[in-house]
Amino acid sequence: MRKELVLLALMACLFRPLFSQNLNNYQPLKSEGQIPEEFLVKSSEKYEQDKIELVKTEGRSGLKKKDDFILARSFVIDDMLTSGKVLFNDPISEYVSRVADKLLAKQPQIREKLRFYAVKSPVVNAYTVDKGIVFVNVGLLAHLESEAQLAFILAHEVQHFLGQHSMKQFEQNLTIDKDKTLFSKDEAQEKYLAKCLFSKEQELEADLAGLEIYLESGYSHEAIDGTFDVLVLSDFPYSHQPFDYTLITSPGTPILGLTLPPHAKPIVVDQDEEHEFGTHPSVGKRRQAVMDVLETKRQPGRPFFLVDENEFYRVRDLARFEITHLLLKDKEYVLCMYNSFLLSLDFPNNPYLEKKITQSMYGISCFKIAHKYHKVAPDSSRLYGVIYDLDYVLDNESPEKVLIMGLNKAWSYHQKYPNDEEGRQMAYDLLEKMFDTYPEFAKKLKKDPPPPLPVAMEEEPEVEKDNSKSKVFEVEGYKPTIVSGKESKARASQGKVDKNLEHGCFQLFENEEFVQKYGELAKIEVNKEGEEQEEFKVWSSRSNSWKRTSDIVDKVVYIKPEFHKWDTRKKNATRYLDSEKGNDKMMAWMKENAGLNGVSLEILNASEFKNSDLEAFNDMVELEDWSERWFQARKNDGMVMLDRPDVERISEKYGTKFFGWTGHLSLTKSPNYLMGAMYVCYGCTAPIGIVMMLRPRKAFLHYNVVLNVESGEIVFASVHEFDLSDGPENMHSLLYDNFIHIKNPAK
Amino acid sequence: MKIRIAILVLLMGLGLQGIAQHLVPGYQGKRNIFVAQYFAGSNFEYGAYSSRVSIIDSRFTLAYEAILSRRLVLDVTYDLARANLYRYLDRDKMFCHGPGFGFKTYPRGLPAPLGVNLSAGAKLLFVHSNDSLNLGSSSSGIWKTDTSNFGNSQIYLGIGYTNVIAKRIVFDYGLELSLPIWGVKTILGKYDPYENQRLRWFYHYLLNVKIGIGILAF
């Protein structure tokens with residue numbers, strides 16, 4: 001008994017991150033533990049180190065050839081690592097690393113060169129960079145069916161590293177670009193095609209050599225076929241269940257008959273279809289090549305799980321929960337809603353999933369009434385199966401009807417979870433939007449239930465068959481369902497308000513809070529014109545402008561200042577090293593000029609962190625993420641910001657609610673030869689002309705935004721565009737000017 | 001009188017600066033600049049038979065610049081000028097000193113005092129020409145100059161560029177066109193210039209190239 005308890009305690013310690021996550025109140029994944037060294041070392045230092053190593057192994061000639069590659073590699077990888085999308089020491093990265101341990105148990109010398117990180121992306125993908133870093137998207141984990149499938153994909157990625165494929169691709173690209181004999185007509189297109197062909201060869205090589213690594217491990221051979229199925233269906237949801245439309249109509253009473261498409265569109269994917277300009281061969285070809293080799297070496301009965309089956313499912317659940325968050329962030333509302341629905345089948349009555357569905361409906365309603373639904377509609381490549389039906393319904397129903405659906409959803413969520421501030425905001429906002437957009441309709445809402453609809457009937461829809469493709473991959477078990485009755489067969493034409501739509505909120509009139517808010521709004525005459533003018537004033541796109549509110553600012557925390565230097569005269573326009581130096585200088589100058597103005601300044605930037613600064617690193621990621629969503633919410637017709645982070649905690653921690661985002665883009669262009677020549681020709685202005693012809697043109701763009709994270713308001717915003725160099729005098733002048741405005745509130 | 005005018009102009013400048021809006025950034029908060037400038041220029045005279053230089057102007061200027069707003073700078077100057085007057089057969093030298101004031105505007109770009117500026121203002125010139133200054137000249141014949149003191153005034157229009165080259169050092173350069181407007185009798189001496197000489201100051205423009213080094217004082 002005691003041994004069991006000890007074992008249980010050990011297990012609990014091992015899976016601490018998994019158990020610490022309460023799925024009812026799911027929190028987006030965060031990095032944990034110590035920040036790995038490679039996140040903190042400057043890109044230029046890595047580049048210098050790589051250069052020394054390259055000279056040792058390949059000499060000066062090797063360096064000359066590969067210098068551009070190792071330079072770009074250091075900076076691009078570091079950009080990715082510090083982007084906030086890459087997770088470390090989190091449950092998913094940890095699990096992937098453990099699977100890699102099993103996979104490479106017999107090749108420890110390879111294993112120790114590799115690091116595995118999860119990437120917060122819903123896309124089904126994994127990729128390797130030359131430095132031994134393997135990125136595995138959360139979306140991939142969400143789609144996999146077994147640990148062995150993950151191991152097969154990791155084996156493929158490991159082979160990319162061992163084969164130094166990205167370096168080879170770079171060299172090949174250079175060779176193709178320089179070759180003037182093979183490519184004459186349509187040069188650019190032919191060259192691109194040649195590069196794609198090389199990439200496809202590498203992918204096949206990685207499949208076959210990766211298979212050898214995989215076969216050496218103890219994982220099941222049967223899992224491989226399923227891995228290719230995952231790849232074929234990577235554009236679609238991880239499962240295919242009929243959607244429960246009552247989730248988005250009035251809860252409990254589906255009074256709003258929805259119009260489903262007359263023809264279902266099952267998922268039909270041609271696995272042999274190959275994109276000429278794609279980087280990967282067709283899945284069919286890859287599957288065939290792997291199966292041919294496997295045929296002779298197949299050993300049945302090997303396990304699908306070597307680490308732990310339960311842990312795989314737990315990690316997969318985490319990944320699935322995480323992608324609902326990521327899809328919502330990417331404004332993929334339909335996919336988020338369906339994904340949440342699928343999860344709710346396994347996790348019924350989960351408040352987090354209910355919130356995601358509500359948030360999705362809120363987002364769709366906002367875009368729909370702004371007649372911008374097309375901006376959030378799923379990509380056409382995904383419009384099959386249930387997603388097609390859902391999109392069809394939301395696209396074809398009138399904006400008023402979708403708004404009523406969103407309103408019902410938001411208010412019922414608010415009623416159920418009154419302490420959720422975001423739920424309240426969504427509910428209030430949709431009601432306000434209804435009065436703003438359709439004031440007449442809003443005032444006519446009826447409190448009594450509508451006349452009963454005919455009994456709902458389920459009908460089997462006709463299925464469109466596509467026989468044009470030679471070999472298709474069909475998903476079975478897809479059966480769309482019609483929620484409403486025969487009446488819904490007569491499709492509501494777009495823009496036409498349904499007969500019973502005025503009764504659409506009758507249940508909400510039982511809610512006192514709704515009645516009170518409705519009453520308040522019904523009395524107000526909205527001055528829509530005035531509001532639009534105000535919005536325009538704030539966001540007028542003058543090249544040099546600034547805005548300041550009356551808040552008193554004593555301290556600002558800047559998140560990841562950016563500095564990019566481009567020289568369009570050079571082949572590789574991005575000046576990586578100069579950009580890094582420029583960023584360091586700009587941060588020093590920011591501190592100096594803030595100090596001169598009496599503004600206390602703190603900068604959250606990866607280069608300023610130590611290994612133990614995890615909390616600050618996560619705060620940086622969270623605020624970066626918050627700012628992205630803030631801009632989205634601001635752009636999207638004043639939507640409520642969804643998934644607002646705990647800004648109160650952050651502002652308390654840093655002693656300020658004012659956080660800033662600033663960036664600088666510096667450009668060097670060729671001299672203005674034409675103007676210079678004209679000046680020279682004129683005679684007495686010849687000296688000016690000569691200077692113009694010799695001196696490269698400089699320009700820069702600088703932005704600086706300070707937000708009050710608690711209220712979400714802009715406190716200070718400036719955008720400057722100058723035909724000037726980014727020398728210290730100009731930067732000091734600009735930064736001082738910015739901070740003087742930050743310090744002094746507008747009167 | 002000269003001192004009074006100079007003090008008046010200085011006070012005007014400081015007063016204007018005092019009432020300027022508090023959000024004037026200057027350069028890192030420095031809104032007062034003392035500049036030492038050197039002007040060199042000439043006036044071309046278009047005669048009936050030939051065109052030639054008639055005046056070569058060489059001028060040292062001490063200027064105080066007060067940044068009044070993001071786009072406006074008050075310029076108070078004191079000139080020490082030395083002019084060589086070329087005539088048909090000989091050359092005379094004249095010495096002049098005088099206060100002036102004007103404004104510079106920085107129409108676009110970063111806040112003053114950086115970047116391209118346009119300037120305009122007025123200067124009082126107290127011209128002093130005497131033998132001691134004419135020792136080196138070959139003044140003879142009918143154009144021989146005598147000691148003379150007279151007043152003149154100019155308006156000037158300029159275009160320039162100001163840059164910060166070190167922590168508190170500004171460098172500016174540009175072109176300045178001086179246009180005489182009227183002459184006044186001076187308090188320094190008799191009003192008896194040769195007509196021809198006076199007219200040279202009176203009716204001809206001076207186009208100067210200027211360079212200057214300044215200190216961002218406070």
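All figures in this text were calculated on a predicted structure; none of them were measured in a lab.

Asker: Looking at this model, I keep getting lost on the overall build of chain A. Mind explaining?
Answerer: A count of helices and strands for chain A gives 27 helices and 15 strands. For chain A, the proportion of contacts with a sequence separation of at least 24, taken over those separated by at least 6, is 76%.

Asker: Which parts of the structure should I look at to understand the overall build of chain B?
Answerer: Across its full length, chain B holds two helices and eight strands. Moving toward the C terminus, one meets the helices and strands of chain B in the order α-β-β-β-β-β-β-β-α-β. Sorting the 218 residues of chain B into buried and exposed places 39% on the buried side. Sequence-distant contacts, at least 24 apart, represent 69% of the contacts inside chain B between residues at least 6 apart.

Asker: Is there a simple way to explain the interface of chain A and chain B in this structure?
Answerer: Many analyses report the size of an interface as the accessible area lost when the parts associate. Listed as interface residues are 14 residues of chain A and, on the opposing side, twelve residues of chain B. Elements with a contribution of two residues or more to the side of chain A that touches chain B: α22 (576-596) and α27 (728-743) of chain A. Residue contributions to the side of chain A that touches chain B peak at nine residues, all from α27 of chain A. In terms of residue class, the side of chain A that touches chain B is built from six nonpolar, six polar and two charged.

Asker: Would you mind showing me how to read the pairing of strand β3 (residues 126-129) of chain A here?
Answerer: In summary, the side chains of a regular strand alternate between the two faces of the sheet. Residues A126 and T128 of chain A point to one face of β3 of chain A and are all buried, whereas Y127 and V129 of chain A, pointing to the other face, are not buried. The antiparallel hairpin formed by β3 of chain A and strand β4 (residues 133-137) of chain A contains three residues in its connecting segment, where G132 of chain A sits at a positive phi of about 85 degrees.

Asker: When you look at the sheet that holds β4 of chain A in this model, what are you seeing that I'm missing?
Answerer: Sheet strands associate in pairs through backbone hydrogen bonding, adopting either a parallel or an antiparallel arrangement. Residue and element names in this part refer to chain A. Strand order in this open sheet of four strands is β1-β2-β4-β3, and the pairing throughout is mixed. Two strands bound the open sheet, and with one partner strand each, they are β1 (86-87) and β3. Pairing analysis gives two bridges linking β1 to strand β2 (residues 115-119), with the strands arranged antiparallel. Across the sheet, residue L87 finds its bridge partner in β2, namely A118. Its contacts with the sheet place helix α8 (residues 147-162) against β3 and β4, and it is angled at close to 20 degrees to β3.

Asker: Sorry if this is basic, but what is going on with the domain arrangement of chain A here?
Answerer: All names here are of chain A. Assigned domains within chain A: domain 1 (348-534) and domain 2 (540-743). Put simply, the parts of the chain that give the side of domain 1 that touches domain 2 at least two residues each are α15 (351-369) and α18 (421-437). Here the side of domain 1 that touches domain 2 gets four residues from one element, more than from any other, and that element is α18. Residues belonging to the side of domain 1 that touches domain 2 are distributed by class as follows: four nonpolar, two polar and two charged.

Asker: Would you mind going over the nonpolar core with me for this structure?
Answerer: Across soluble globular proteins, nonpolar side chains show a tendency to be buried alongside one another. Grouped together as the largest cluster of nonpolar side chains are 119 residues, with contacts concentrated most on I92, V136, A151, L154 and Y338 of chain A. Residues from two domains meet in this core; each of domain 1 (348-534) and domain 2 (540-743) of chain A gives at least three. With sequence-adjacent residues up to four places away left out, I92 of chain A is seen in contact with L29, L87, A118, V138, L141, V315, L318 and A319 of chain A. In terms of nonpolar packing, the next biggest core, distinct from the first, is built from 56 residues, V553 and M731 of chain A together with V9 and Y27 of chain B among them.

Asker: How should I be thinking about the packing of helix α9 (residues 165-178) of chain A against helix α10 (residues 187-216) of chain A in this particular structure?
Answerer: When two helices pack together, their arrangement is given by the angle between the helix axes and by the axis-to-axis distance. All names here are of chain A. The contact between α9 and α10 brings their axes to 10 Å, and the two run at 155 degrees. When the axes of α9 and α10 are compared, the pair comes out roughly antiparallel. Between α9 and α10 the crossing geometry is right-handed. Residues H165, K168, Q169, Q172, N173, I176 and D177 of α9 lie in contact with α10, whose contacting residues are K191, A194, K195, F198, S199, Q202 and A206.

Asker: Is there a simple way to explain unusual backbone geometry in this structure?
Answerer: Leaving glycine out, the prevailing phi sign among residues is negative, and the prevailing peptide bond configuration is trans. Note that the residue after A112 of chain B, namely P113 of chain B, is joined by a cis bond; omega there is 10 degrees. Position of P113 of chain B among the secondary structure elements: in the loop between β4 (91-105) and β5 (115-129). You will see that N89 of chain A, though not glycine, has its phi angle at about 55 degrees, which is positive. Inspection of the secondary structure assignment puts N89 of chain A in the loop between β1 and α5 (91-103). The exposure class of N89 of chain A is partly exposed, given the 17 C-beta atoms found within 10 Å. Positive phi, normally seen in glycine, also occurs at N349 of chain A, with a value near 55 degrees. N349 of chain A sits in the exposed class, given 8 other C-beta atoms within 10 Å.

Asker: Sorry if this is basic, but what is going on with the pairing of strand β10 (residues 555-559) of chain A here?
Answerer: Residue and element names in this part refer to chain A. Within β10, four of the five residues are buried, which leaves it mostly tucked inside the rest of the structure. Pairing of β10 with strand β13 (residues 658-669), which is carried by two bridges, proceeds in the parallel orientation. Opposite V557, over in β13, you have F659 as the bridge partner.

Asker: Before we go on, may I ask you to explain the confidence of the model for chain B in this structure?
Answerer: The predicted structure's coordinates, where accompanied by low pLDDT, should not be read in detail. Residue and element names in this part refer to chain B. In this model, chain B carries a mean pLDDT of 73, and residues with pLDDT of at least 70 account for 61%. Predicted confidence in chain B is weakest over helix α2 (residues 195-203), with a mean pLDDT of 49, and strongest over strand β8 (residues 206-216), with 88. This stretch, residues 46-50, has a pLDDT under 50; its non-local contacts, to residues over four places away or in other chains, come to one contact. As a predicted assembly, this complex carries a pTM of 0.80 together with an ipTM value of 0.78.

Asker: When you look at the packing of α5 of chain A against helix α13 (residues 309-329) of chain A in this model, what are you seeing that I'm missing?
Answerer: Residue and element names in this part refer to chain A. At a closest axis distance of 10 Å, the pairing of α5 and α13 adopts a crossing angle of 140 degrees. As summarised for this structure, α5 and α13 are arranged oblique, according to the angle between their axes. Note that α5 runs across α13; the crossing there is left-handed. Residues P91, I92 and Y95 of α5 lie in contact with α13, whose contacting residues are E311, V315, L318 and A319. Broken down by class, the residue content of the contact of α5 with α13 amounts to six nonpolar, no polar and one charged.

Asker: What should I look at first to understand the confidence of the model for chain A in this one?
Answerer: Residue and element names in this part refer to chain A. Per-residue pLDDT for chain A has a mean of 81; in total, 85% of the residues score no lower than 70. Across residues 8-19, confidence stays below pLDDT 50; counting only partners more than four residues off in sequence or on other chains, it has eight contacts. This stretch, residues 465-497, has a pLDDT under 50; its non-local contacts, to residues over four places away or in other chains, come to 74 contacts.

Asker: Even after reading the chapter, I still don't get the environment of E32 of chain A, so can you show me in this structure?
Answerer: Relative to the elements of secondary structure, E32 of chain A occurs in the loop between α2 (16-19) and α3 (37-40). In the structure, E32 of chain A is positioned 703 residues away from L735 of chain A in sequence and 35 Å away in space, judged by C-alpha atoms.

Criteria and thresholds
Here the residue numbering is sequential within each chain, running from 1 through the sequence in written order. Key to labels: chains lettered from A, ligands numbered from 1, both in the order written. Given that this is a predicted model, residues contribute local features only at a pLDDT of at least 70 and side-chain atom pairs are listed and counted only at 80 or more, while totals for whole chains, interfaces and linings are drawn from all residues. Secondary structure elements follow DSSP: runs of H or I of four or more residues count as helices, runs of E of two or more count as strands, with numbering from the N terminus. Whether two residues are in contact is decided by their C-beta atoms, placed from the backbone, lying within 7 Å. Backbone-placed C-beta atoms define the burial measure: a residue is buried with 20 or more other C-beta atoms within 10 Å of its own, exposed with 12 or fewer, and partly exposed in between. The classification used treats Ala, Val, Leu, Ile, Met, Phe, Trp, Tyr, Cys and Pro as nonpolar, Asp, Glu, Lys and Arg as charged, and all other residues, Gly among them, as polar. By definition, two strands form a pair when at least two bridges between them are found by DSSP. Convention adopted: a line fitted to C-alpha atoms gives each axis, helices being fitted over their contacting stretch, and angles between N-to-C directions are expressed from 0 to 180 degrees. The start and end points of each domain follow an automatic or database-based domain assignment. Each nonpolar core comprises buried Ala, Val, Leu, Ile, Met, Phe, Trp, Tyr and Cys residues, the members being joined through C-beta atoms within 7 Å. Relative orientations are named as follows: roughly parallel for angles under 35 degrees, roughly antiparallel for angles over 145 degrees, roughly perpendicular for angles from 65 to 115 degrees, and oblique for any other angle. Crossings are classed by handedness, with left-handed meaning an anticlockwise turn of the near helix from the far one by less than a right angle and right-handed meaning a clockwise turn. By definition, pLDDT measures how confident the predictor is in each residue, and it falls between 0 and 100.

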